[in-house]
Amino acid sequence: MKAHTSLLHLCNPWRFDASTSTGNHAPRSCCWILLGLSTLLVASEAMQASSVKPLREGWRLQSACKLQAAGDAIDAPGFSVDDWMKTNVPSTVLAAQVADGVYPDPYFGMNLRQIPGTSYPIGKLFSNLPMPADSPYRCGWWYRTEFTAPAAASRGEHFWLRFGGINYRADIWLNGKKIADQSIVAGAYRTYEFDVTDGWKPGKTNVLAVETFAPTEKDLGINWVDWNPAPPDKDMGLIGAVDLVTSGEVTVRSPLGFTHFEDDSLAVADLTVYAELRNATDHAVKGVASGTAAGVKFEQPIELAAHEDRTVVFSPEQFPALRIHDPKPWWPWQMGDPHLERLTVSFSTQGVQTDEQSVDFGIREIASEFTANGSKLFRVNGKPILIRGGGWSQDMLLRPNDERLREQFRLVRGMNLNAIRLEGKLDTDEFFRLADENGILVMLGWCCCDHWEHWRDWTPDDLTSATASLRSQMLRLRHHASLLVWLNGSDNPPPANVERAYLDVEAQTHWPNPILSSASRTPTTVTGPSGVKMTGPYDYVAPSYWYLDKHEGGNFGYNTETSPGPAIPSLASRKKFLADPDAWPPAADWSYHNGGGEFVNLSVFDSAMDAMYATPKSAEEYTRIAQTMEYDSERAMFESYAKNKYFSTGVIQWMLNNAWPSMIWHLFDYYLDPDAGYFAAKKACEPLHIQYSYDDRSIVVVNSTYRDAQGLRAGVKVHGLAWNELYSADATVDSAADSSQQVFVIPDALYISPERIFFIDLTLTDAAGQVVSHNFYWVPGTLTTFDWERTDYTHTAAERYEDLTDLTHLPEATVQASGTIAQTPQGREIRLHLENSSSALAFQIGAAVRTSSGDLVAPVLWSDNLIELIPGESTMLTAQLPENAPADTVVRLEGWNIAPATLTPTAPGAQ
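Residues numbered from 1 in each chain as written. Predicted model: local features only at pLDDT ≥ 70, side-chain atom pairs only at ≥ 80, totals over all residues. Heavy atoms only, no water.

## Things to note about the sheet that holds strand β47 (residues 867-869)
Here we have four strands laid out as an open sheet, ordered β47-β45-β49-β50, and antiparallel in their pairing. Only two strands of the sheet have a single neighbouring strand rather than two, namely β47 and β50 (901-903). Going from strand to strand, the sheet's axes swing by 35 degrees on average, the running direction of each strand aside. Two elements, strand β45 (residues 842-851) and strand β49 (residues 889-894), share six bridges in a ladder whose sense is antiparallel. For Arg850, the partnering residue across the bridge sits in β49 and is Val890. (Pairing = 2+ DSSP bridges. Helix = DSSP H or I, 4+ residues; strand = E, 2+ residues; numbered from the N terminus. Axes fitted to C-alpha atoms, helices over the stretch in contact; angles between N-to-C directions.)

## Let's talk about the packing of helix α3 (residues 402-414) against helix α4 (residues 429-438)
Viewed as axis vectors pointing N to C, α3 and α4 meet at an angle of 35 degrees, and their least axial separation amounts to 10 Å. Here the hand of the crossing between α3 and α4 comes out right-handed. Of the residues in α4, those touching α3 at Asp402, Leu405, Arg406, Phe409 and Arg413 are Glu430, Phe431, Leu434, Ala435 and Asn438. Residue composition of the contact of α3 with α4, by class: five nonpolar, one polar and four charged. (Left-handed = near helix turned anticlockwise from the far one by under 90°. Contact = heavy atoms within 4.5 Å. Nonpolar A, V, L, I, M, F, W, Y, C, P; charged D, E, K, R; others polar.)

## Considerations on the nonpolar core
One finds Phe163, Leu208 and Ile760 to be the most contacted residues of the largest nonpolar core, which totals 260 residues. Of the residues forming this core, the biggest block, ten residues, is contributed by helix α11 (residues 619-643). Here Ile760 is in contact with Tyr692, Val716, Lys717, Val718, Ile746, Tyr751, Asn775, Phe776, Tyr777 and Val779, once residues within four sequence places are set aside. Membership of the second largest hydrophobic core comes to eight residues, among which are Ala64, Leu67, Val81 and Trp142. (Core = buried A, V, L, I, M, F, W, Y, C linked by side-chain atoms within 4.5 Å. Buried < 20%, exposed > 50% of the residue type's maximum accessible area, 1.4 Å probe, protein only.)

## Notes on empty space enclosed by the protein
All chains considered together, the criterion is met by six cavities of 30 Å³ or more. The space that makes up the largest cavity amounts to roughly 160 Å³. Residue lining of the largest cavity: 16 residues in total, with Gln394, Asp395, Arg399, Leu405 and Gln408 positioned closest to the centre. Element by element, the count of residues in the lining of the largest cavity is highest for α3, at three residues. (1 Å grid on protein atoms, 1.4 Å probe; cavity = no way out; pocket = protein on both sides within 12 Å on 5 of 7 lines; lining within 4 Å. Points joined across faces, edges and corners; volume = space filled by probe spheres on them.)

## A few points about the packing of α11 against helix α12 (residues 676-684)
Interhelical geometry of α11 versus α12 gives an angle of 30 degrees and a closest axis separation of 8 Å. Taken together, the axis directions place α11 and α12 in an arrangement best described as roughly parallel. Relative to α12, the crossing made by α11 is right-handed. On α12, the residues touching Gln627, Glu630, Tyr631, Glu634, Arg635, Phe638 and Glu639 of α11 are Ala676, Gly677, Phe679, Ala680, Ala681, Lys683 and Ala684. Looking at the contact of α11 with α12 residue by residue, the class counts come to seven nonpolar, two polar and five charged. (Parallel < 35°, antiparallel > 145°, perpendicular 65-115°, else oblique.)

## Here we look at the environment of Gly101
Positionally, Gly101 belongs in the loop between α2 (93-99) and β7 (141-148). Placed 188 residues apart in sequence, Gly101 and Ala289 show a C-alpha to C-alpha distance of 51 Å.

## Things to note about the packing of aromatic side chains
Think of a pair of aromatic rings as described by two things: how far the centres are apart, and how the planes are tilted against each other in angle. Per the stated rule, a full pass over the model turns up 53 aromatic pairs. Consider the rings of Trp590 and Tyr622, whose centres lie 6.0 Å apart with planes at 70 degrees: the pair is edge-to-face. Placement of the pair is Trp590 in helix α9 (residues 588-592) and Tyr622 in helix α11, with a sequence separation of 32 residues. We note that Trp590, like Tyr622, is buried. Taken together, a centroid distance of 6.0 Å and an interplanar angle of 45 degrees make the contact between Trp723 and Phe759 tilted. With Trp723 in the loop between β36 (709-719) and β37 (725-735) and Phe759 in strand β39 (residues 757-765), this pair connects stretches of sequence that are 36 residues apart. A relative accessible area of 1% places Phe759 in the buried class. In this structure an aromatic cluster arises from ring pairing among Tyr107, Phe577, Tyr592, Trp660, Tyr670 and Tyr671. We note Lys376 situated over the ring of Phe370; from NZ or CZ to the ring centre the distance is 4.1 Å. For the cation-ring pair, Arg635 lies above Tyr777, with the distance from its terminal atom to the ring centre recorded as 3.9 Å. (Phe/Tyr/Trp six-rings, centres within 6.5 Å; stacked < 30°, edge-to-face > 60°. Lys NZ or Arg CZ within 6 Å of the ring centre and 35° of its normal.)

Okay, here's the thing in structure tokens:
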């Protein structure tokens, strides 16, 4: 089961007394709204525990501009909806239209621009613009369903309609009566629960109709910033689940288990339990609130006044059993086991259980502190952690897909990342459940760049909506073990009055984790410095930038969003969204899939490519060079921050994934095809790692595990373009847990040789002689010179580019390849054996799983990719295939200086 949250009384605003944790009473005539979001499962073990009837299927959808009838008529039994679209909920209006075939795939080519209402200028932020006059989404849109309600089972039973999310406003009708209007239902991040006991028809057909209205440019809606275009409906509609919930007289919502360890031994965990109670009746109710947490039982008597809300608290001081000895902590996956416990809270009166809620939670404590250089450092269960993650995006049409979520979490762990950042777009309950289960930390908070940060234009209603939205999300999410920190602002911190209002809500809801004023380094008068920075870059920079910059995005502090920019999808992916994916020069639909704002074109990236490598003559050549550029800078970004831990405390790649098929900002593309950034991050963040430093030519061993690694052997070999050896060294290394350690420094004299490019080959083996890290660099004799004075938020311009053009003239290498395919406990796996049988370096070898006709197979989890093989070297790569991989799977092999090849993996032992 998933947790839900406390109730806000709409006639008399809820006054929360932190000293007593008790809300005010309210008269029966006023409606109540639940400010939380989750999906409860049926509590079958208790007759009057909440049961849930999901109202997912059987909805109809129609524009209000095509209707003449009033709401009471539309909501009446027998009203004809034969010409309405069929849809399921949750669904935005446009998502329903696309599913119904009204419009073709809006992600293909420029189809999105053909949908009525998509007339806003390309690259502009639609959330800041009014809906066009000719847009069909200026109208309200009706969602309607009829269904048979369960018969009333017992006296005192209550029925609730729960809305998990409505964007943006709505009038709600049930059985011909309006139960809520736009004065109540307003806010993309708010959630609602209405007591409909008096208007319900148990055992009979009920009619529910909801007229939804899109957000305006002055609303706290959902926006896509410069990540991608926005849908013309602004994601209007029923964006969360709709459920009929049955309970007894007193409801239980939002169980929370808050942990504090007595010391760093973690031998004793003090657990405090919170839950939200509500008396739904017009009389006082006496009863018992009870529960279990990690197998420990607790209970206390409670008397609730008529219509009273109360936060019930079980503290270890009052209930010594909640001082848990030898607990099993929850850890991020690289630090230990993300172990989850079960928390259940129920309420009973006169021996009859009225409600019960259960959640999974982790016994863990997350704290933060400032380092000596003023950076925010996070600790999990007392241990410091270098945050390395990526910025997350939902699907642009907000279409839920649990299987896709699971695959994306596999990809996150495949890159050795430990965190995800959400800027707005606070994903589904399944997202957070998977984060808990996979041990992935989550940064989350509000979005930038529209009315959410236009505080000077706010009205009192905006502040009310913002704090109500925050309360909804705090109570919905607070029990999740994976939550690292909440951000009250994104690009900017809120003004003092708004920040104080937010902090009040966070205190009232017992938010158990750190809070940041924003993702930027701007201090506030309320909470002071943030300890983080949001200084870019977002566009291409050469690898050395991450080491040389000392003021903006370089390897110091905690960078909440940054990136080397473009990420060009493979040809197989481009086939899925471009009419001519191999056209050169690219057609207009290619650039439409760039970003917005300053990122509507790739001129910074393309200019660097022309100067550093070559001017491409085909889409194939462009893709190949782009992948190499992305790999080189992405790897350096993550490695530079690891070298400097804990002078650097975190870095978030902008972004991890995309809302639609895109040419920028991802580590795997919209179709879940890992690209160069994925393999660069995977390499840079491996548990035991050897790496090169562009600033001081040092070779560094980074131990990202929390165990000492004794008896490692580090080796370095440097070659010139003709594969002439210039330098070599090796040494034994004892690497301390969670450390960064310099092992060698390549002599400065080497760099004044006539060599224009140095190939640096690094190897790290364990005490048994097994390779634990292998890393290869192509370093120019003269690094890029940066024009620091011309730095803007997108990037720092190059005053003089480095010269890597010789890489386009490498001698041809010969790579022998063979592959087998076999069933493993993780599924089907390809094992690809590669051997360089020539005397030349084989550079940037990429292996891709495709169908025999060249179509995409994804996601595929490779052990490594985009690799180099020195003369005579061999290696084995593995690839875990998706469950739906077709039978005609092949492996396509390409590289800078090898002949392309296609091979069909065979069963082990087959000839």
